[in-house]
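This is what each chain is made of:
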Amino acid sequence: MQWKKVHKELLKFLEDSVPEIHEGMRYGVPHVVGEILFSEDSPHVELSLITFNGSRRPLAFNDGDSVRFMYPVEDTNPYMAFLEIMSFFERTFDDSRFRVVLRTSPAEFLKSIGLEILWTNEYLLNGTEFVQVWAVSGTTRYNILFEKREKGFVLRDIKRVGGLQ
């Protein structure tokens with residue numbers, strides 16, 4: 001299956017939706033609502049943006065041959081929204097098809113998508129190497145965890161810490 005197509009379509013949608021997301025944040029919480037139809041040849045992706053007043057709950061379910069979802073977008077950086085959605089999918093479905101793998105260092109990648117790196121820590125846990133990064137996008141801080149693998153870094157977790165004071 002062509003998972004790169006799913007990644008590209010979601011990222012393109014988020015990039016194109018930045019003005020709409022920014023506008024929606026003025027009166028509510030924009031949510032990406034979508035469906036990914038599985039196919040051996042090529043997955044089909046349908047996406048839209050809806051703003052809800054007060055809702056901040058992600059929702060996703062596997063409908064056999066498709067995944068349907070709703071995810072709140074609270075950062076106008078489309079790359080951060082993409083990483084959050086992919087991480088949510090991987091955790092929700094325990095499915096490596098949604099895994100984000102970096103071929104460069106986490107700090108370099110995060111800088112390249114417009115984040116300011118506040119702090120980086122590398123550590124070893126049970127023989128596995130991890131890189132933890134605290135970064136800022138706009139007024140939002142993130143705690144992002146990557147696992148070092150032979151061929152790159154795998155996004156393991158991303159948490160929004162909160163707005164700047």
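It should be noted that the structure appears before, not after, this text.
Remember, predicted model here, so these are calculated numbers, not experimental data.

Turning our attention to helix H1 (residues 3-16). Compared with the 20 Å implied by 1.5 Å per residue over 14 residues, the 20 Å span of H1 between its first and last C-alpha is a close match. When H1 is considered as a whole, its buried residues turn out to be Trp-3, Val-6, His-7, Leu-10, Leu-11, Phe-13 and Leu-14. One side of H1 carries all its buried residues, which in axial view fall inside an arc of 160 degrees. Facing away from the buried side of H1 by more than 90 degrees, the exposed set consists of Lys-4, Lys-8 and Asp-16. Residues of H1 that are buried in the fold lie against helix H2 (18-24), strand S1 (29-37), strand S2 (44-52) and helix H3 (78-93).

The next thing to look at is the side chain of Asn-143. Locating Asn-143 in the fold gives a position in strand S8 (residues 140-149). Exposure remark for Asn-143: the relative accessible area of 19% places this residue in the buried category. Side-chain polar atoms of Asn-143 contact the side chain of Gln-132, separated by 3.0 Å. Leave out the neighbours within four places in its chain, and Asn-143 touches Gln-132, Val-133, Trp-134, Asp-157, Ile-158, Lys-159 and Val-161.

What follows deals with the pairing of S1. Summarising burial for S1: seven of the nine residues are buried, a large majority. As judged from the nine bridges shared by S1 and S2, these two strands associate in the antiparallel manner. Residue pairing across strands places Val-32 opposite Leu-49, the latter belonging to S2. Hairpin connection of S1 to S2: six residues between the antiparallel strands. Taken together, the seven bridges between S1 and strand S4 (residues 66-72) define a ladder with antiparallel strand orientation.

Bringing the side chain of Glu-35 into the picture now. Secondary-structure assignment places Glu-35 in strand S1. Overall, Glu-35 belongs to the buried group, its relative accessible area being 15%. For Glu-35, the side chain forms a polar contact with the side chain of Arg-68, separated by 3.2 Å. Those residues within four positions of Glu-35 in sequence are excluded, and the remaining contacts are His-44, Val-45, Glu-46, Ser-66, Val-67, Arg-68 and Phe-69.

A pair can form between side chains of opposite charge whenever their charged atoms are brought close. A complete count under the given rule lists 15 salt bridges for this structure. The shortest N-O distance in the salt bridge between Glu-9 and Lys-5 comes to 3.6 Å. Of this pair, Glu-9 and Lys-5 are both found in helix H1, four residues apart, which corresponds to roughly one turn of the helix. Classification of Glu-9 by relative accessible area gives partly exposed; the value is 28%.

One finds Val-32, Leu-83, Phe-89, Leu-110, Ile-144 and Phe-146 to be the most contacted residues of the largest nonpolar core, which totals 42 residues. Examining the composition of this core, we find that nine residues originate from one element, H3, more than from any other. Aside from chain neighbours lying at most four places away, what touches Phe-89 is Ile-36, Phe-69, Asp-94 and Phe-98.

With respect to the secondary-structure elements, Phe-109 resides in helix H4 (residues 106-112). Setting aside anything within four residues of it in sequence, one finds Phe-109 in contact with Leu-83, Leu-102 and Thr-104.

With that settled, the discussion passes to the packing of aromatic side chains. Inspection of every chain in the model, using the stated rule, returns seven aromatic pairs. Consider the rings of Phe-89 and Phe-98, whose centres lie 4.9 Å apart with planes at 55 degrees: the pair is tilted. Take Phe-89 and Phe-98: they sit in the same class, and that class is buried. The structure contains a cluster of three or more aromatic residues connected by ring pairs, namely Phe-69, Tyr-71, Phe-88, Phe-89, Phe-93 and Phe-98.

Rules of the game
Residues numbered from 1 in each chain as written. Predicted model: local features only at pLDDT ≥ 70, side-chain atom pairs only at ≥ 80, totals over all residues. Heavy atoms only, no water. Helix = DSSP H or I, 4+ residues; strand = E, 2+ residues; numbered from the N terminus. Expected span 1.5 Å × (residues − 1). Buried < 20%, exposed > 50% of the residue type's maximum accessible area, 1.4 Å probe, protein only. Arc of directions from axis to C-beta. Contact = heavy atoms within 4.5 Å. Polar contact = N/O pair within 3.5 Å; in protein donor to acceptor, adjacent residues only side chain to side chain. Pairing = 2+ DSSP bridges. Salt bridge = Lys/Arg side-chain N within 4 Å of Asp/Glu carboxyl O. Core = buried A, V, L, I, M, F, W, Y, C linked by side-chain atoms within 4.5 Å. Phe/Tyr/Trp six-rings, centres within 6.5 Å; stacked < 30°, edge-to-face > 60°.

The values reported here are purely geometric and, on their own, carry no functional implication.
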